[in-house]
Amino acid sequence: MTLHSPLPAQQLHQPCAPEQFDFQTTAELDDLTEILGQMRAMEAIRFGTGIRQDGYNLFVLGPAGMGKTSTVRQFLQKKAAKEQCPPDWCYVNNFAHPHKPRALRLPSGKGAELSERLDHLVDYLRSAIPALFESDEYRAKAAAIQEEFGKRQEQDFKDLNAAAEQQKVRLLRTPDGFAFAPVRNNEVIPPGEYEKLPDEEKQQVEEAISKLQRRLEKIMRQMPQWRKEQHERIKQLDRETTLSAVAHLVSELKDAYADLPDLLAYLDQVQQDIVDNVDAFRKPEETVTFGGITMATQHNFRRYRVNALASNGKQPGAPIVSEDNPTYSNLVGRIEHIAQFGALVTDFTLIKPGALHSANGGYLLLDIRKLLVQPFAWEGLKRAMQSREIRIESLGQMYSLVSTVSLEPEPIPLNAKVILFGDRIFYYLLQQYDPEFVELFKVAADFEDRIERNSDTHLLFARLIATLARKEALLPFDRGAVARVIEHSARLVEDAERISTHMRSIADLLREADYLAQQSGRGVVMAADVQDAIDGQIRRQDRIRERLYEAILRDTLMIATDGAVAGQVNGLSVIELGSFAFAQPIRITANTRLGEGDLVNIEREVKLSGAIHSKGVLILSSFLATRYAKNRPLALSASLVFEQSYGMVEGDSASLAELCALLSNLADAPISQALAITGSVNQFGQAQAIGAVNEKIEGFFDICAARGLSGNQGVLIPAANVKHLMLRHDVVAAAASGKFAIYAVEDIDQAIALLTGVAAGEADANGNYPEESVNRRVATRLGQLIETRESFARRQAGKNRAKKKTD
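Residues numbered from 1 in each chain as written. Predicted model: local features only at pLDDT ≥ 70, side-chain atom pairs only at ≥ 80, totals over all residues. Heavy atoms only, no water.

Caption draft 1: The arrangement of the sheet that holds strand β9 (residues 307-310) in detail. In space, the three strands of this open sheet follow the order β3-β2-β9, with antiparallel pairing throughout. Both outer strands of the open sheet, β3 (102-106) and β9, are each paired with one neighbouring strand and no more. Direction aside, neighbouring strands of the sheet carry axes that sit 30° apart on average. Pairing analysis gives three bridges linking strand β2 (residues 88-92) to β9, with the strands arranged antiparallel. Residue pairing across strands places Cys-90 opposite Ala-308, the latter belonging to β9. Against the sheet, helix α3 (residues 110-133) makes contact with β2, β3 and β9, and its axis sits at roughly 35° relative to β2, the strand it touches most. Where helix α7 (residues 261-276) meets the sheet, its contacts fall on β2 and β3, and the angle it forms with β3 comes to roughly 130°. (Pairing = 2+ DSSP bridges. Helix = DSSP H or I, 4+ residues; strand = E, 2+ residues; numbered from the N terminus. Axes fitted to C-alpha atoms, helices over the stretch in contact; angles between N-to-C directions. Contact = heavy atoms within 4.5 Å.)

So this is what it looks like as structure tokens:
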């Protein structure tokens, strides 16, 4: 048999040579101004933030820790600084319908200014108006009006009394009102003497009194009208007096905002309302006692305040807002209530803005996961984006959960770019199941998690390290440390030809290496510090791995690393615990017997097999039938099992090992237990690439090294995985010295030959395999099983015919 050579040490790890760099430390490098390896994403961000059409909002997708938010924010800060500052939006009182506050649009920075100026105006009027009404001028005018009406009343009664005197009747004022009585010689005639008068004279007196009484009644009917006229004159005087204090102040405000017609109309309403409600300014504060507590009650001057929801004049350019807690209220705003004498009351000044108000005219940044877990937040955001207006609605009122009096604020037009951040799974699920999502978020910015590795990207990566070191105030990194970080970045993406762009992992490694360098008293971070930081990250998470390997070394978990056994092979699985992954060597065994062509996956039978693993086992059945029994049904029943496996098995990376175990059992060809194998296989027997190849090799190496390297131990991997190798230095050193081997196989024939030491054998033109080859042994065994089954079938048929004749 032709020996299959192990991979040379140079292929097991693709180092980054420090000599390629022409700097000594990163202190010599300029900051990286461009975004490393994110050309596609940045193109999408530029497009999405630049186009001003409905629905062109952005979803920035990629794994957490990629630096998506910081990258987008950095881009937006430069872009937004050049954009126009958006207008301010304020809520003011609707004097006609107080439960429907009005929204005012003001130039940037004018909202807070208007609020302050109106507050000052009201504060001034609260002192100025009482002073005016206490002035001598006002009192003189009010007294003149009262005197005028008093004289009119007095003159009417004087005229009435004169007319009565001519009729020899006198007008008397009594406790019960006015009365008329006859007189003689300027004296009122007593009742007794009046009765003695002749009837003709009494009749004349009564007729005169009746006429005078009608005239008195007319005067009495006019008196309420006179009082009303007097009141109106006093009220008009009050309005004129108030207007004299208010008009010039409001005129100053109107002059300052002459180009804002909506605001001018509102200021006219404010002026009119102050004039109409001047008594509120004249009355002092009152006190009331409630529940034994004395409180001062203030007149409602809040009606003249301005509730500036969004004031954008403080920072130049468009606003950039991030909402870390995107609840419904935090997004669209809320209406607060205050307790007053046991009741909940509210007004327009208690309207609180949401993130949409703050970001209006700019950019709103949200985390999609946080958004989706908040009740009503996602639907509220979509509703605002679809209607292009921010409508503040109480959830309690919307769903009839509470009956408190609330407001109906006028909606505010929305003009903001919403940028969502999240994992790819959220983007694709929303795209699939939420039809509105596609209409609202038409631009996807997909961040790359890896870039091509070459000399150019090595230098860019070095500049990235320099930039992060300066930003984080870290020690400079020498070129050896930079090279080690690049190597580790390649290991993170499991590809010797690529580098990770996972910013959080890189930044964490730099911080930890910096700390270790400082602890050692060095002024520069070296490669040893980086390696110690990597080792420390693993050490902090490898407790479970240590316990598992300890169980193997103590033979609690049965994993052999020497000898040879038919139908038994060392497979390699991977356990992922958060960000830490390690390999678990596992024994895979196969048994075969006469049967109906069934291939039993014991894990599947007990529901411990995932769908992909079950698919891999079914592929083995197809391979056996295609290669060894094209024209006859298989007479084989086989079972496969992961020994001492007590959890779910998923993935097809053990299918190559399972097939080797099956062929070994059928061919009765013992498999060397000094070797382990990983890889998936297709129906044609070709080995296919798998994930975590470095962890799998290192896991078996650790077990072998703990028991002692014999020089016969090694791991078989698919040839397609060679480009992914970035093994630890101790594994590479062992391979270089011939104590451990890594073999790259392209198909099942190479794999079974390496494991058994017996040539697999190739079929000739007639489909026959060489003598003593593994394939010949398998074909012979399967042929025997088929013959046995057919012979049994013939005997059974003969018995059935004999029985039929007897019957």
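Okay, back to it.
Caption draft 2: Structural context of empty space enclosed by the protein. According to the stated counting rule, one finds two cavities of 30 Å³ or more in the structure shown. Reported here for the largest cavity is a volume of approximately 60 Å³. As for the largest cavity, its lining consists of Leu-557, Met-558, Ile-559, Gln-584, Pro-585, Ile-586, Arg-587, Glu-643 and Gln-644. Residues that form the lining of the largest cavity fall into these classes: five nonpolar, two polar and two charged. Residue assignment for the lining of the second largest cavity shows that the elements contributing at least two residues are β25 (598-601) and α22 (611-628). (1 Å grid on protein atoms, 1.4 Å probe; cavity = no way out; pocket = protein on both sides within 12 Å on 5 of 7 lines; lining within 4 Å. Points joined across faces, edges and corners; volume = space filled by probe spheres on them. Nonpolar A, V, L, I, M, F, W, Y, C, P; charged D, E, K, R; others polar.)

Caption draft 3: Main features of the nonpolar core. The biggest cluster of nonpolar side chains holds 51 residues, and the ones touching the most others in it are Leu-624, Ile-677 and Leu-716. Those elements that place two or more of their residues in this core are β24 (580-594), α22, β26 (636-642), α23 (655-667), β28 (675-677), β32 (741-745), α26 (748-756) and α27 (774-806). Here the element with the most residues in this core is α23; it accounts for nine residues. The contact partners of Ile-677, leaving out residues within four places of it in the chain, are Val-569, Asn-570, Gly-571, Leu-572, Leu-656, Ala-657, Cys-660, Leu-716, Ala-751 and Leu-755. (Core = buried A, V, L, I, M, F, W, Y, C linked by side-chain atoms within 4.5 Å. Buried < 20%, exposed > 50% of the residue type's maximum accessible area, 1.4 Å probe, protein only.)

Caption draft 4: Representation of the sheet that holds strand β10 (residues 320-322) within the structure. On the basis of which strands lie adjacent, the open sheet formed by five strands has the order β10-β15-β18-β1-β19 and parallel pairing. Strands at the two margins of the open sheet, each flanked by one partner only, are β10 and β19 (443-446). Strand-to-strand, the axes of this sheet are offset by a mean angle of 20°, without reference to chain direction. The sheet contact formed by strand β1 (residues 58-61) and β19 spans four bridges and is parallel. Counterpart to Phe-59 in the pairing with β19 is Ala-444. Where helix α1 (residues 39-50) meets the sheet, its contacts fall on β1, β15 (363-367), β18 (417-422) and β19, and the angle it forms with β19 comes to roughly 150°. Contacts from helix α14 (residues 424-433) reach β1, β18 and β19, with the element oriented near 140° to β1.

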